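Here's the letter readout for the chains.
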Amino acid sequence: MHRILRFIHIAAVALLYFAAIGCSNDNESIGTVTPLVIEGWIEEGQPPVVIVTRAVDLTVPSPSLDNSIEKWCRVTIYDGDTPYILTGTMNHDYTPAFIYTTSRLKGAVGHTYRLTVETDTETATATSTMPAAPRLMPLEAERTNDCDTLYRLHAYIEDIDPTAHYRFFSRSHSVESRFYGTFLGTFTGSEYDSAKGWDITRGFHSGYTGTEFQHYYQAGERVTVRLCSMEPEIYQFWRIYDSNVSLSQNLFFTFAENCPGNIDGALGYWAAYGTTTRTITLPR
């Protein structure tokens, strides 16, 4: 799903677009081994995706994201006592374009998945249990006030659990090859107003290649919205991520807060998502 940890592989000093993670030296110039950064998830009915890199110090001249990729890890997911060894493969839907995955494992509600990532000298581990999927009603579209070719979406959730944790993702099929987090799309069930629903607008992401970013969706676009339920630790990660994204766009107020992870031995997160999706084609 979401290639966000490219912005977490970051030095500890400056304004970071999404998250601030400290690295003190340039590992390419003096050979320092920087921390592992892991972004991984498994969704209901879908295979896992795990991305493993090294933290990148953006305070050094010409930092290289490509050189940070860890292509020779042993990545294993345990579903109960059954191990599944993931295979590294190129996939240009992600940045960097290298993921670990397997077609032998598909996510299931109620299952607990244990992730291990091993290098020659390090081992990182994390565990996540997949909660029940929320129930998403058909999407509604509303034209924006200042342009009749742009739309925001409204999503409504059935029988929401006030104690649960959620995040929206969306995909515009004409311009995006996968799902990305929506703008300020992380919330708890207690924050949801059943009368108003939840506004869905596009979140800025590393895969966006347009000359001018637009939060709203274009007339005629086919858009799929995915609502994910998650554990509290993953909610905390995305909540801080949302704050970094929204406040970093303010030129007069610099904000960067470390995104808390749930991985022992590395930075990042490992998430099991209960998911539901709805698709809409916007009027022209």
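Thresholds applied
- Residues numbered from 1 in each chain as written.
- Predicted model: local features only at pLDDT ≥ 70, side-chain atom pairs only at ≥ 80, totals over all residues.
- Heavy atoms only, no water.
- Helix = DSSP H or I, 4+ residues; strand = E, 2+ residues; numbered from the N terminus.
- Buried < 20%, exposed > 50% of the residue type's maximum accessible area, 1.4 Å probe, protein only.
- Contact = heavy atoms within 4.5 Å.
- Areas by Shrake-Rupley, 256 points an atom, 1.4 Å probe, with all protein chains shown as cover.
- Core = buried A, V, L, I, M, F, W, Y, C linked by side-chain atoms within 4.5 Å.
- 1 Å grid on protein atoms, 1.4 Å probe; cavity = no way out; pocket = protein on both sides within 12 Å on 5 of 7 lines; lining within 4 Å.
- Points joined across faces, edges and corners; volume = space filled by probe spheres on them.
- Nonpolar A, V, L, I, M, F, W, Y, C, P; charged D, E, K, R; others polar.
- Pairing = 2+ DSSP bridges.
- Axes fitted to C-alpha atoms, helices over the stretch in contact; angles between N-to-C directions.
- Phe/Tyr/Trp six-rings, centres within 6.5 Å; stacked < 30°, edge-to-face > 60°.
- Lys NZ or Arg CZ within 6 Å of the ring centre and 35° of its normal.
- Salt bridge = Lys/Arg side-chain N within 4 Å of Asp/Glu carboxyl O.
- pLDDT = per-residue confidence, 0-100.

(A) Here's a closer look at the overall build of the chain. On a plain count of helices and strands, the chain comes out with two helices and 18 strands. A total of 284 residues make up the chain; the buried ones form 51% of that total. A separation threshold of at least 6 residues defines the contact pool for the chain, and within that pool the share at least 24 residues apart is 65%. Total accessible area computed for the chain in this model is approximately 13200 Å², and 48% of it derives from carbon and sulfur atoms.

(B) How the structure looks around the nonpolar core. Counting residues in hydrophobic clusters, the biggest one holds 24 residues, and the most contacted among them are Ile 38, Val 50, Val 52, Val 75 and Trp 270. Leave out the neighbours within four places in its chain, and Val 50 touches Ile 38, Glu 39, Gly 40, Val 75, Leu 86, Ile 99, Tyr 100, Leu 115 and Trp 270.

(C) The arrangement of empty space enclosed by the protein in detail. For the structure on display, the rule yields two cavities of 30 Å³ or more. When contributions to the lining of the largest cavity are tallied by element, the ones reaching two or more residues are β14 (180-188) and α2 (232-248). Its residues assigned to classes, the lining of the largest cavity shows five nonpolar, four polar and two charged.

(D) Spatial organisation of the sheet that holds strand β3 (residues 74-79). What the four strands build is an open sheet, ordered β4-β3-β7-β8; its pairing is antiparallel. Single-partner strands in this sheet number two, and they are β4 (82-85) and β8 (123-129). In this sheet, neighbouring strand axes are inclined to one another by 20 degrees on average, regardless of whether the strands run parallel or antiparallel. As paired elements, β3 and strand β7 (residues 112-118) share six bridges and run antiparallel to each other. Residue Val 75 lies in a different strand from β7, and its bridge partner there is Val 117.

(E) Expanded view of the pairing of β3. Of the pairings in the sheet, the one linking β3 to β4 comprises four bridges and is antiparallel in character. By the bridge assignment for β4, Asp 79 is matched with Thr 82.

(F) Local environment of the environment of Thr 127. Topologically, Thr 127 is positioned in strand β8. Here the alpha-carbon distance between Thr 127 and Thr 116, two residues eleven residues apart in the chain, equals 9.0 Å. Thr 127 has contacts with Thr 112, Tyr 113, Arg 114, Glu 231, Asn 262 and Trp 270, leaving out every residue within four places of it along the chain.

(G) Structural context of the packing of aromatic side chains. Here the structure, examined in full by the defined rule, presents twelve aromatic pairs. The interplanar angle of 20 degrees and the centroid separation of 5.7 Å between the aromatic rings of Phe 168 and Phe 187 together place this pair among those described as stacked. Of this pair, Phe 168 sits in strand β13 (residues 165-172) while Phe 187 sits in strand β14, and the two are 19 residues apart along the sequence. On the accessibility criterion, Phe 168 (0% relative accessible area) is buried. When its relative accessible area of 0% is taken as the criterion, Phe 187 is described as buried. Each residue in the set Phe 169, Phe 237, Trp 238, Tyr 241, Tyr 269 and Tyr 273 is aromatic and connected to the rest through ring pairs, giving one cluster. Positioned above the aromatic ring of Phe 169 is the side chain of Arg 167, whose terminal nitrogen or guanidinium carbon lies 5.3 Å from the ring centre.

(H) The arrangement of the pattern of salt bridges in detail. On inspection of all chains with the given rule, the structure shows nine salt bridges. Put simply, Glu 118 and Arg 74 hold a salt bridge, and the shortest N to O gap is 3.9 Å. Residue Glu 118 is located in strand β7, and its partner Arg 74 is located in strand β3; the two are separated by 44 residues in the primary sequence. What makes Glu 118 partly exposed here is its relative accessible area of 30%. In this structure, the salt-bridge partner of Arg 202 is Glu 176, at a minimum N-O distance of 3.7 Å. A residue pair is termed long-range when its members are at least 10 positions apart, and Arg 202 in the loop between β15 (198-200) and β16 (217-218) and Glu 176 in the loop between β13 and β14 qualify at 26 residues. An identical accessibility class is assigned to Arg 202 and Glu 176; each is buried. By sharing partners, the salt bridges in this structure join Arg 54, Glu 70 and Glu 122 into a single network.

(I) The arrangement of the confidence of the model for the chain in detail. In the predicted model, the chain carries a mean pLDDT of 83, and the fraction of residues at 70 or more is 77%. Segment residues 1-31 is flagged for pLDDT under 50; beyond a separation of four residues in sequence, or across chains, it makes 115 contacts in the model. In this model residues 250-255 is a low-confidence stretch, pLDDT under 50, and it forms seven contacts with partners more than four residues away in sequence or in other chains.

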